[in-house]
Amino acid sequence: MIHLHDIRYVRLGTPDLEGSVRYATEVLGLEVARRVGKAVYLKSDSRDHTLCYFEGDPRDHTSAFEVDTPEELDQAMVLLEQSGYAATRGSVEEAEKRHVRDFINFKDPSGNSVDLVHAPHHSGRRYFPSRDAGITGFSHIGLRTLNPRRDEAFWTQLLSAKVSDRIGEAPLLRIDEVHHKIALFPSSYPGVQHINHQVESIDDVMRAYYILLEKRIPIRFGPGRHPTSGAMFLYFEGPDGMIYEYSTGVRLITEEDEKTYRPRTFPAIPSSFCMWGSKPDIPEFKT
């Protein structure tokens, strides 16, 4: 099995690089780490970067996960290929663009592009938000899946994810103590479905709600509270239709909890996404 240590970054193509960067800084509250050619790298915590917008196709999405050692990266490539998934080793130049020592890239069964990276760079500077959003770090992503059961098996049997809970057919997957770092939502095409940043408190969620209303940024879901992870949340629309989420208070499933924890299944209805009564305006959350 390929052990995933942590989630690292998301790379998103965009036809409007400057507009996307303005949104990421002025609305989302990220910090520009650097600009290189037709790409802009953005920070949300002590990692070198957690989001990269580059000039390109807005359907071009890649998410990245870290492995611990070069040997694990080599073994991952062998296991993927033995399992029928083509994996390619990144060139030195491509690794430099990702600010990692080494990486491989592959696609999951639905066609989602995934980097496995070794020795990703950290930053010697603290994260200074471009606005006081209260962000404590990049936490998880939603991925679109064409076949939830098949893709759940891929992420849990070949990779090291564990199912925390399910909403209908959609599994919420953990790779450490955090309730989920990956969520797989049924869709008709692949890609990153949403990007989550944790914030310090419910006050940050609510401040964001009123700031977004004032800026006329479409709010797609919330404020609310997930009955699965317990997190209080707010989802809103970003460039090229990407959905961003702020949340706080996510459940941790500790080593002690693991001894008795069993995944729960919630029906695919609005109250399974929000226990407060908010209803999602997000296609993958609707049934």
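Residues numbered from 1 in each chain as written. Predicted model: local features only at pLDDT ≥ 70, side-chain atom pairs only at ≥ 80, totals over all residues. Heavy atoms only, no water.

Re the sheet that holds strand β15 (residues 232–237)
- Pairing is mixed in the open sheet, where nine strands are placed in the order β14-β15-β16-β13-β9-β12-β11-β10-β17. Where the open sheet ends on each side, the last strands, each with one partner, are β14 (219–225) and β17 (264–266). Sheet twist, expressed as the average angle between the axes of neighbouring strands with direction ignored, equals 20°.
- Its contacts with the sheet place helix α4 (residues 148–158) against β9 (135–145), β10 (162–167), β11 (170–174) and β12 (182–186), and it is angled at close to 160° to β12.
- Most of the contacts of helix α5 (residues 202–215) go to β15, to which it runs at about 25°, and overall it touches β13 (192–199), β14, β15 and β16 (243–248). (Pairing = 2+ DSSP bridges. Helix = DSSP H or I, 4+ residues; strand = E, 2+ residues; numbered from the N terminus. Axes fitted to C-alpha atoms, helices over the stretch in contact; angles between N-to-C directions. Contact = heavy atoms within 4.5 Å.)

Details of the sheet that holds strand β7 (residues 100–107)
- The sheet built from eight strands is open, its strands ordered β2-β3-β4-β1-β5-β8-β7-β6 with mixed pairing. In this open sheet, the two strands that pair with only one neighbour each are β2 (31–36) and β6 (87–89). Averaged over neighbouring strand pairs, the angle between their axes works out to 20° when direction is ignored.
- Bridge count between strand β3 (residues 39–43) and strand β4 (residues 51–55): four bridges; the pairing is antiparallel. Each bridged residue has a counterpart across the sheet, and for Y41 the counterpart in β4 is C52.

Considering the domain arrangement of the protein chain
- Each domain of the protein chain was delimited in the assignment, giving domain 1 (6–120) and domain 2 (135–278).
- Its C-alpha centre places domain 1 at a distance of 20 Å from the equivalent point of domain 2.
- Taken residue by residue, the interface counts 37 residues in domain 1 and 38 residues in domain 2.
- Between domain 1 and domain 2, roughly 2800 Å² of surface is buried when both sides are summed, and carbon and sulfur atoms account for 67% of that area. (Domains from an automatic or database assignment. Buried area = accessible area lost by both parts, 1.4 Å probe.)

Comments concerning the packing of aromatic side chains
- Tallied over the full model, the rule gives 14 aromatic pairs.
- Aromatic side chains Y85 and F154 sit 4.8 Å apart centroid to centroid with 65° between the ring planes, which places their arrangement in the edge-to-face category. Of the two residues, Y85 is situated in the loop between α2 (70–82) and β6 and F154 in helix α4; the sequence distance between them amounts to 69 residues.
- Given a relative accessible area of 23%, Y85 falls into the partly exposed group.
- Through successive ring pairs, a cluster of aromatic residues spans F185, F221, F233, Y235, F273 and F285.
- Above the face of the Y41 ring, R34 is positioned so that its terminal group lies 5.6 Å from the ring centre. (Phe/Tyr/Trp six-rings, centres within 6.5 Å; stacked < 30°, edge-to-face > 60°. Buried < 20%, exposed > 50% of the residue type's maximum accessible area, 1.4 Å probe, protein only. Lys NZ or Arg CZ within 6 Å of the ring centre and 35° of its normal.)

With respect to the nonpolar core
- Residues F65, W155, I195 and Y244 are the most contacted members of the largest nonpolar core, which totals 55 residues.
- Broken down by element, the residue count for this core peaks at six residues, all from helix α1 (residues 17–28).
- Shared between two domains, this core takes at least three residues from each, and those domains are domain 1 (6–120) and domain 2 (135–278).
- Setting aside chain neighbours within four positions, we find F65 in contact with L4, D6, I7, R8, V114, D115, L116, V117, I141, W155, I175 and I182.
- Counting residues in each nonpolar core, the second largest holds 14 residues, with A170, F266, I282 and F285 among its members. (Core = buried A, V, L, I, M, F, W, Y, C linked by side-chain atoms within 4.5 Å.)

Quick look at the UniProt feature "domain: VOC" (unreviewed entry) in the protein chain
- Residues annotated in UniProt with the feature "domain: VOC" (unreviewed entry) correspond here to residues 6–119 and 137–249.
- End C-alpha atoms of residues 6–119 are separated by 12 Å, and the span's content is 28% helix alongside 44% strand.
- Segment residues 137–249 splits into 22% helix and 46% strand. End C-alpha atoms: 13 Å apart. (UniProt positions renumbered as here; feature names shortened; annotations may be inferred.)

Brief notes about the pairing of β14
- Sheet analysis places β14 next to β15, joined by four bridges and oriented antiparallel. Paired with I219 across the two strands is F236, which belongs to β15.
- Here β14 folds back onto β15 in antiparallel fashion, the turn holding six residues, of which G230 has a positive phi close to 80°.

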